[in-house]
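Remarks on the overall topology
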Amino acid sequence: MQVPNFGVRTARVVLKKTGVDHAEDLFSLNVNDLLKIHGIGKERAVSLTQFDDWKKVDKILEKTEKSGAQLLSLSDPAYPMMLKQTFDPPIILWVKGDPAALSKPGIAVVGTRNPGRYGMYQAENWSHDICKAGLQVNSGLAYGVDSTAHKTAVKSGGSTVAVLGSGIDRIYPNRNIRLAAEIIEKGGAVVTEYPPGTKPDAVNFPERNRIVSGMSYGTLVVESGVKGGSMITARLALDQNREVFVVPHPLGYLKGEGCNYLIRTGQGKLVQTMDDLLEELSVQTENGAGTAAETVVTSKKWETAEDLSEREVELCKSLSEKSLHIDHLADKMETEPFKLSAILLELEMKGLIKQKAGKYFELT
């Protein structure tokens, strides 16, 4: 947001609380409307309603057009649904390439900027297999594992999306300018939530990581130490109700300690083959192959159950055709995933539904 004292998170809260459909409609709200929202003080309300620096906005739009990028807002039909369902989706995305690529079923492939030979091999091998399975590779265009994942996807004839921690006109690192162009040429996309001209500051990358994980069905951590961006991405994926897959590493290998830590603490699933990964997912892939959770459900045990609330009945009806991921359930019921947790637990305790691997639920 270009409004002083009115950041993106604040704007998201206002959009949700007021029911305003488009970000530009925020400027039609008055101070009294804003003061009714918890956490929006008078200073912020006045800052928004009195904003008049439209020349600055026009410059951003000019830079956007000059860069060849498109704008996607939260209300745009082309905005990726997986990302929209997360707790804090970007209000605006700048996209170069095919916007439809943002909505393709994909896996985030992440890891250290300085992988060893083992890590490089695993990044290439997994990215190739992910593409051959009909899934897209999503990553952050950084050195190391990210770049290898993107390059392998392009070479394999698959689709890949690169998420930047800078403006759409500031590809970082510079060495990957050509790679970004190849990603676009091959039908993928480069995307960012930062306006044109934004420098690749360190504080941007943790924010960037939530987009990488949020638009993906799962995150694969290829090689990582205990600290670093990949561990942040893994935690974000868990917060977003996404799967975390982890490549195991030899004991004592420092570059892979983070991976082993995720496995040891139960935060990620150890994967050795593509089948290990696919069995956790419910997604129609690009090559037409489906995964296990598309199983047709025939159980109607819930229809004879007593004392079900309206929301419980609605949830069971949503699961009557096939098992669904909690995010998909939330979307069908027009609510947030975390608000369904209590209902799902209650139905499990009643023996009417069960949770499958990967936060998918089905009728018993």
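As shown above, the structure is provided for reference.
The structure contained in this document is the topic of the report that follows. (Residues numbered from 1 in each chain as written. Predicted model: local features only at pLDDT ≥ 70, side-chain atom pairs only at ≥ 80, totals over all residues. Heavy atoms only, no water.)

Notes on the environment of Leu-74
Summarising the element assignment, Leu-74 is placed in the loop between strand E1 (70–73) and helix H5 (81–84). Look at Leu-74 and you get buried, because its relative accessible area is 17%. Residues Leu-74 and Lys-84 lie ten residues apart in sequence; the distance between their C-alpha atoms is 7.0 Å. What Leu-74 contacts, discounting residues up to four positions off in sequence, is Leu-15, Tyr-79, Lys-84, Pro-89, Pro-90 and Ile-91. (Helix = DSSP H or I, 4+ residues; strand = E, 2+ residues; numbered from the N terminus. Buried < 20%, exposed > 50% of the residue type's maximum accessible area, 1.4 Å probe, protein only. Contact = heavy atoms within 4.5 Å.)

Notes on the side chain of Ser-156
Positionally, Ser-156 belongs in the loop between helix H7 (145–155) and strand E5 (160–163). Apart from residues lying up to four places away in sequence, Ser-156 is in contact with His-128, Cys-131 and Lys-132.

What to know about the pairing of strand E4 (residues 136–139)
In the case of a regular strand, side chains alternate between the two sheet surfaces. Side chains of E4 alternate between two faces, with Gln-136 and Asn-138 and Val-137 and Ser-139 buried alike. Here strand E3 (residues 106–111) pairs with E4 via three bridges, running parallel. Paired with Ile-107 across the strands is Val-137, a residue of E4. Where the polypeptide runs from E3 across helix H6 (residues 117–132) and back to E4, its parallel neighbour, the crossover connection is right-handed. Read as a crossover between parallel neighbours, the route from E4 over H7 to E5 is right-handed. (Pairing = 2+ DSSP bridges. Right-handed = clockwise from strand over helix to strand, strands pointing away.)

A short note on the pattern of salt bridges
Overall, the coordinates contain ten salt bridges when judged by the stated rule. Each of Asp-88, Glu-193, Glu-207 and Arg-210 takes part in one network of salt bridges that share partners. (Salt bridge = Lys/Arg side-chain N within 4 Å of Asp/Glu carboxyl O.)

Notes on H6
Along its 16 residues, H6 runs 23 Å from first to last C-alpha, staying within 8% of the 22 Å computed at 1.5 Å per residue. Every buried residue of H6 is accounted for by Gly-119, Gln-122, Ala-123, Trp-126, Ser-127, Ile-130 and Cys-131. Taken around the axis of H6, the buried residues stretch over an arc of 150°, which confines them to a single face. The elements touched by buried residues of H6 are E3, E4, H7, strand E7 (218–223) and helix H12 (274–278). The positive-phi residue at the C-terminal boundary of H6 is Gly-134, with phi of around 90°. (Expected span 1.5 Å × (residues − 1). Arc of directions from axis to C-beta.)

Description of the nonpolar core
One finds Leu-93, Leu-102 and Val-161 to be the most contacted residues of the largest nonpolar core, which totals 33 residues. What Val-161 contacts, discounting residues up to four positions off in sequence, is Ala-101, Leu-102, Gln-136, Val-137, Asn-138, Ser-139, His-150, Ala-189, Val-191 and Met-215. Counting residues in hydrophobic clusters, the runner-up holds 24 residues, among them Ala-123, Leu-135, Leu-281 and Tyr-360. (Core = buried A, V, L, I, M, F, W, Y, C linked by side-chain atoms within 4.5 Å.)

Considerations on a nonpolar patch on the surface
Together, Leu-61, Leu-71 and Ile-92 give the surface a local cluster of nonpolar side chains, amounting to about 220 Å² of exposed area. Counting through the fold element by element, Leu-61 comes out in helix H4 (residues 54–67). (Patch = residues over 30% accessible without salt bridge, like charges linked within 9 Å, V, L, I, M, F, W, Y side chains within 5 Å. Areas by Shrake-Rupley, 256 points an atom, 1.4 Å probe, with all protein chains shown as cover.)

Let's talk about the pairing of strand E6 (residues 189–192)
The side-chain alternation of E6 yields two buried faces, one formed by Ala-189 and Val-191 and the other by Val-190 and Thr-192. Alignment of strand E2 (residues 92–97) against E6, held across four bridges, turns out to be antiparallel. The residue of E6 that forms the bridge with Trp-94 is Thr-192. Of the pairings in the sheet, the one linking E5 to E6 comprises three bridges and is parallel in character.

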